[in-house]
Amino acid sequence: MEGFRKIMTLLWKIWFLILSTLLIITIGVFWTFPLALSPKTFPLAYKGIRLWAILIFYGLGFRLELNKNQDLEKNQPYIFISNHTSILDIMLMAILHKNHPIVFVGKDELAKLPIFGPIYRKICITVDRSDTKSRTRVFKLAKERISQGSSIVIFPEGGIPDDESIILEDFLEGAFMIAISTKVPIVIYSIKGVKEMFPWSWTRGYPGKVCVNLIDIIPTEHLSLRDKSEVKEKSYKLIYDDLIN
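The paragraphs below set out a description of the structure included in this document. It should be emphasised that the depicted structure is a prediction, and the values quoted were computed from it without experimental measurement. (Residues numbered from 1 in each chain as written. Predicted model: local features only at pLDDT ≥ 70, side-chain atom pairs only at ≥ 80, totals over all residues. Heavy atoms only, no water.)

**Description of the packing of aromatic side chains**
At step 1: Inspection of every chain in the model, using the stated rule, returns 12 aromatic pairs.
At step 2: Seen in terms of ring centroids, F80 and Y189 are 6.2 Å apart; in terms of plane orientation they differ by 45°. Their pairing is tilted. Pair noted here: F80 is in strand 2 (residues 79-81) and Y189 is in strand 6 (residues 186-192), with a separation of 109 residues, a long-range link.
At step 3: Since its relative accessible area comes to 3%, Y189 is described here as buried.
At step 4: Considering the side-chain rings of F171 and F176, the 6.2 Å spacing of their centres and the 20° angle between planes classify their relative orientation as stacked.
At step 5: Ring pairing ties together the aromatic residues W12, F16, F57, Y58, F62 and F198, which thus form one cluster.
At step 6: The ring of F198 carries the charged tip of K13 above its face, separated from the ring centre by 4.9 Å.
At step 7: The lysine or arginine in question, R145, covers the ring of F42, its NZ or CZ lying 4.7 Å from the ring centre. (Phe/Tyr/Trp six-rings, centres within 6.5 Å; stacked < 30°, edge-to-face > 60°. Helix = DSSP H or I, 4+ residues; strand = E, 2+ residues; numbered from the N terminus. Buried < 20%, exposed > 50% of the residue type's maximum accessible area, 1.4 Å probe, protein only. Lys NZ or Arg CZ within 6 Å of the ring centre and 35° of its normal.)

Structure, rendered in structure tokens:
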């Protein structure tokens, strides 16, 4: 029985690769990439990003439950942060924000992939966290995209933890420095269930309901960079506490 389950999970993961590739070639190459070349048409490119995310998420059999006690303002840019445990977190961020075109801050390694790489460079701000110049470039580009009306998604853990027993890695300061420097509110989410349902392993995982909680929105207009550590610690505690409850 265990062997059969692993085979079915493997076939499910292969279906993910097939579906993702087909959608990258169709939606990515012929819709998202050309429209992402200009800031004026990026909102239209973002519709393609959302469609890609929706088709993959629901095409894999997942369901979404969103819990929130606050609403986002339609024309307000935000910095969106959450815990990061799976590639599905990226899709969730796009699905959640119909009215807020988002730009991801992500690792520059992905920009080297064939077909996907050029698209990735246009819809994301790439960063090499070991390079000071690269990190400085992220702040500049993030401010530009915010001034153009986009919101920014940053996973402050800096990546997906290799150790699945870790509930939440320590946060980096980049997201909070950008938010405070641009006076953009920080929206704090927790994502539950994805770590178990869609891990990196080829033989583990299953479709199910993913729970996303909008925990808080932190205004930054009255903050200075001296407050970044306090805001970082508060955000970490809010997400950690929500994950363990």
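**Section: the pairing of strand 7 (residues 209-218)**
At step 1: Burial analysis of strand 7 places nine of its 10 residues in the buried class, which makes it a mostly covered element.
At step 2: Summarising the sheet, strand 1 (residues 63-68) and strand 7 pair through six bridges and their orientation is parallel. Residue pairing across strands places R63 opposite K209, the latter belonging to strand 7.
At step 3: Bridge analysis of strand 6 against strand 7 gives seven bridges, and the strand direction is antiparallel. Each bridged residue has a counterpart across the sheet, and for I191 the counterpart in strand 7 is V212. (Pairing = 2+ DSSP bridges.)

**Quick word on the sheet that holds strand 2**
At step 1: Spatially, the seven strands line up as an open sheet ordered 1-7-6-2-5-3-4, and their pairing is mixed. The sheet terminates laterally at strand 1 and strand 4 (124-127), the two strands that pair on one side only. Direction aside, the axes of adjacent strands within the sheet are offset by 25° on average.
At step 2: Helix 6 (residues 174-182) contacts strand 2 and strand 6 of the sheet and is inclined by roughly 155° relative to strand 2.
At step 3: Contacting strand 2, strand 6 and strand 7, helix 8 (residues 228-244) crosses the sheet at an angle of about 25° to strand 6. (Axes fitted to C-alpha atoms, helices over the stretch in contact; angles between N-to-C directions. Contact = heavy atoms within 4.5 Å.)

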